[in-house]
Amino acid sequence: MKKIQNIVLFLSVILFIGLVYISLFNVYQTDDYMASYGTREFGLLGNFINTYMTWGGRYFGYTVNMLNPVSYDSSGIFPKVYPVFLMVSFIGVSALNFKAYFRNSSKESLKKGFILFFFYTLLLISIPEQYYWVTGSNIYFMPVILSGLLLYSVKKNEDTGKTIWLFLSLLLIVLLMESNEILALILQGVLIVFCYRNQS
């Protein structure tokens, strides 16, 4: 079993290196320019209002997209660095959860984080939409990372009982409900299960 795990870990690292290399060729897409144009044209608050009155309910995802630095990034470095940041964040948050929930060592948690990244990437329908399309990754990939942070903060709240973890959990729940509709439905189902579990 250890040999299979090491092979998958090796493939995970190769996949990560390959995706990082591909990100060197990433550029801004049409949606990035649209979000940036709206912010420059109407101001940040005006763009919020216009988007919320005329678009869907991905409020957090759209808000993050409005902060897109395309108009200030003449060298185009952001779309090259941002996918790497998201991939490293996914692996890091996964490692935090493996350490918190399964009491693995840091090294073992990091290995499992890479392996989870490998399988997550294999199951994706569209790798470019998930990793390289900046506005798309804010809507589809960032909520996955935030869900991992929610799991971690819930565990820390249970373990320590500190209210900061409770408030962080509540903030993450609000952000996730406004990220994308799929995660909103999953989160709503999980909250209903927790509600009924606590009553019985």
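Residues numbered from 1 in each chain as written. Predicted model: local features only at pLDDT ≥ 70, side-chain atom pairs only at ≥ 80, totals over all residues. Heavy atoms only, no water.

**Q** Can you walk me through the pattern of salt bridges in this structure?
**A** Charged atoms that come close allow side chains of opposite charge to pair. Scanning all chains against the criterion turns up two salt bridges. E108 is paired through a salt bridge with K111; the nearest N and O atoms lie 3.8 Å apart. Here E108 and its partner K111 are both found in helix α5 (residues 106–123), three residues apart, which amounts to about one turn of the helix. In terms of burial, E108 and K111 fall into one category: buried. (Salt bridge = Lys/Arg side-chain N within 4 Å of Asp/Glu carboxyl O. Helix = DSSP H or I, 4+ residues; strand = E, 2+ residues; numbered from the N terminus. Buried < 20%, exposed > 50% of the residue type's maximum accessible area, 1.4 Å probe, protein only.)

**Q** When you look at the packing of helix α1 (residues 2–23) against α5 in this model, what are you seeing that I'm missing?
**A** Where α1 contacts α5, the axes come no closer than 8 Å and their chain directions differ by 65°. Looking at the two axes, α1 sits roughly perpendicular to α5. Between α1 and α5 lies a crossing of left-handed hand. Seen from α1, the contacting residues are K2, Q5, V8, L9, L11, S12, V13, L15, F16 and L19; seen from α5, they are E108, K111, K112, F114, I115, F117, F118, F119 and T121. (Axes fitted to C-alpha atoms, helices over the stretch in contact; angles between N-to-C directions. Parallel < 35°, antiparallel > 145°, perpendicular 65-115°, else oblique. Left-handed = near helix turned anticlockwise from the far one by under 90°. Contact = heavy atoms within 4.5 Å.)

**Q** Sorry, what's going on with the environment of L146 here?
**A** Checked against the element boundaries, L146 lands in helix α8 (residues 142–160). Taking the C-alpha atoms as reference points, L146 and F90, 56 residues apart in sequence, are found 9.0 Å from one another.

**Q** Teacher, can you tell me more about the nonpolar core here?
**A** Nonpolar side chains in soluble globular proteins tend to end up buried together. Core analysis: the largest hydrophobic core is formed by 31 residues, its most contacted members being M87, F117, Y131 and F141. Elements with a contribution of two residues or more to this core: α1, α4 (78–102), α5, α6 (127–132), α8, α9 (163–177) and α10 (181–199). Here the element with the most residues in this core is α4; it accounts for six residues. Excluding residues that lie within four positions of it along the chain, F141 makes contacts with L86, M87, F90, Y120, Q130, Y131 and G136. (Core = buried A, V, L, I, M, F, W, Y, C linked by side-chain atoms within 4.5 Å.)

**Q** Even after reading the chapter, I still don't get helix α2 (residues 30–54), so can you show me in this structure?
**A** Spacing of three or four residues puts side chains on the same side of an α-helix, whose turn is 3.6 residues. The end-to-end C-alpha distance of α2 is 19 Å, clearly below the 36 Å that 25 residues give at a rise of 1.5 Å each. For α2, the principal kink sits at G43 and spans about 110°. Every buried residue of α2 is accounted for by D32, A35, S36, G38, T39, N47, F48 and T51. Considering only its buried residues, α2 is in contact with α3 (59–66) and α7 (134–140). (Expected span 1.5 Å × (residues − 1). Bend = angle between axes of the 7 residues up to and from the residue.)

**Q** Sorry, what's going on with the packing of aromatic side chains here?
**A** Aromatic ring pairs are defined here through the distance separating the ring centres and the angle between the ring planes. Counting across every chain of the model gives 17 aromatic pairs. Between Y28 and Y33, the aromatic rings sit 6.1 Å apart at their centres with planes inclined by 65°, giving edge-to-face as the arrangement. Here Y28 falls in the buried class, since its relative accessible area comes to 9%. Relative to F117, the ring of F90 has its centre 6.2 Å away and its plane inclined at 55°; by these criteria the two rings are tilted. In this pair, F90 is assigned in helix α4 and F117 in helix α5, connecting sequence segments 27 residues apart. For the pair shown, F90 and F117 are each scored as buried. (Phe/Tyr/Trp six-rings, centres within 6.5 Å; stacked < 30°, edge-to-face > 60°.)

**Q** Mind showing me how you'd approach α3 here?
**A** Most of α3 is tucked away, with six of its eight residues classed as buried. Burial in α3 covers these residues: F60, G61, Y62, T63, N65 and M66. Those residues of α3 hidden inside the fold are in contact with α2, α7, α8 and α9.

**Q** What am I meant to see in the environment of Y196 here?
**A** As for its placement among the helices and strands, Y196 is situated in helix α10. Y196 sits 153 residues away from G43 along the chain, and the two C-alpha atoms are 44 Å apart.

**Q** Help me understand unusual backbone geometry, please; the structure alone is not making it clear to me.
**A** Excluding glycine, residues mostly have negative phi values, and the peptide bonds linking residues are mostly trans. The residue R103 is not glycine, and still its phi comes out positive at about 55°. Here R103 shows up in the loop between α4 and α5. Judged by its relative accessible area of 60%, R103 is exposed.

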